[in-house]
Amino acid sequence: VDVRFVFCNVTDPVEAALVALEIMHHGDIIVLDCAENMNDGKTYAYFSSVPRLFAAAPYDYVMKTDDDTYLRVAALVGELRPRPRDDVYLGYGYNMSGDPKLFMHGMGYVLSWDLASWVSTAEEILARNDTLGPEDLMLGKWLNLAGKGRNRYDLKPRMYDLSWDMDNLRPDSVAVHMLKDNRRWATTLRYFNVTAGIKPSKLYHLP
């Protein structure tokens, strides 16, 4: 599993310096030629670029997730391990107006490599000007119109929005969404004992 952070057109000199430092230290940044807002084409730019960027060493799956989502990577791997490697569309499934064709919530969803490769070459997406709009709904539309993503897996209730009262966390979570501030992040990280392995030291005392 490789994790990367995706930006669009980093032109501010301060941000460029910080992004450069992150690249030098971790090598986990992708910078694309696109608008930063997901609904303005970033999702299309991402899925259409990944097959080209990693053509020499393709992955089994490609995932997009929001920056306010806590993704439990090992739990996701456990979900993917028994799944097919082709024509897979996995996430938190939505159903609109009784339409049985699901699309996956933008908090985070997975495409198998073949579907990402198809997005990168599908001229019909550009012909319909379908790169703009609610990004999760649009991606579902691309797949539905093309008859793709037949292996669909809805991970509700293991992917979900954190409630206002932050009282709906569950131990088998795959992804927790709507972590909009540090308090909500801290509550989630404490629940999953993320910092339990910190080494004791006389230099700090944390509750």
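Scroll up to find the structure this text is about.
In this text the structure is predicted, and so the values were computed from the model without any measurement.

Undergrad: How would you summarise the overall build of the chain if you had to cite specific residues and measurements?
TA: Across its full length, the chain carries seven helices and nine strands. Since a compact globule built from 207 residues should have a radius of gyration of about 17 Å, the 18 Å found for the chain is in line with a globular shape. Each principal axis of the C-alpha distribution contributes one length, and for the chain these read about 60 × 45 × 30 Å. Per-residue burial over the chain gives 40% buried out of 207 residues. Within the chain, counting contacts between residues at least 6 apart in sequence, those at least 24 apart form 61% of the total.

Undergrad: Go over the state of the cysteines, please, and point to the residues and values.
TA: Inspection of every chain in the model, using the stated rule, returns one disulfide. Two residues, Cys8 and Cys34, share a disulfide whose sulfurs are 2.0 Å apart. Across the S-S bond linking Cys8 and Cys34, the dihedral sits near -65°, which makes this disulfide left-handed. Of this pair, Cys8 sits in strand β1 (residues 5–8) while Cys34 sits in the loop between β2 (29–32) and α2 (42–53); the two residues are 26 residues apart in sequence, bridging distant segments of the chain.

Undergrad: Tell me about the sheet that holds strand β4 (residues 70–71), and please be specific about residues and values.
TA: Here three strands make up an open sheet; going across it, the order is β4-β9-β8 and the pairing mixed. Each edge of the open sheet is held by one strand with a lone partner, namely β4 and β8 (159–161). Bridge analysis of β4 against strand β9 (residues 175–177) gives two bridges, and the strand direction is antiparallel. The partner of Tyr70 across the bridge, within β9, is Val176.

Undergrad: How would you sum up the packing of α2 against helix α4 (residues 113–121)? Please name residues and give values.
TA: Taken N-terminus to C-terminus, the directions of α2 and α4 make an angle of 110°; their axes are 7 Å apart at the nearest point. Relative to α4, the element α2 is oriented roughly perpendicular. Side by side, α2 and α4 meet where Tyr44, Phe47, Ser48, Val50 and Pro51 of the first sit next to Trp113, Ala116, Ser117, Val119 and Ser120 of the second. Residues that form the contact of α2 with α4 fall into these classes: seven nonpolar, three polar and no charged.

Undergrad: Go over a nonpolar patch on the surface, please, and point to the residues and values.
TA: A contiguous nonpolar surface patch, about 530 Å² in accessible area, is contributed by Val1, Val3, Phe5, Phe7, Val31 and Val73. Among the structural elements, Phe7 can be located in strand β1.

Conventions and cut-offs
Residues numbered from 1 in each chain as written. Predicted model: local features only at pLDDT ≥ 70, side-chain atom pairs only at ≥ 80, totals over all residues. Heavy atoms only, no water. Helix = DSSP H or I, 4+ residues; strand = E, 2+ residues; numbered from the N terminus. Rg over C-alpha atoms; globule rule 2.2 N^0.38 Å. Buried < 20%, exposed > 50% of the residue type's maximum accessible area, 1.4 Å probe, protein only. Contact = heavy atoms within 4.5 Å. Disulfide = S-S within 2.5 Å. Pairing = 2+ DSSP bridges. Axes fitted to C-alpha atoms, helices over the stretch in contact; angles between N-to-C directions. Parallel < 35°, antiparallel > 145°, perpendicular 65-115°, else oblique. Nonpolar A, V, L, I, M, F, W, Y, C, P; charged D, E, K, R; others polar. Patch = residues over 30% accessible without salt bridge, like charges linked within 9 Å, V, L, I, M, F, W, Y side chains within 5 Å. Areas by Shrake-Rupley, 256 points an atom, 1.4 Å probe, with all protein chains shown as cover. Salt bridge = Lys/Arg side-chain N within 4 Å of Asp/Glu carboxyl O.

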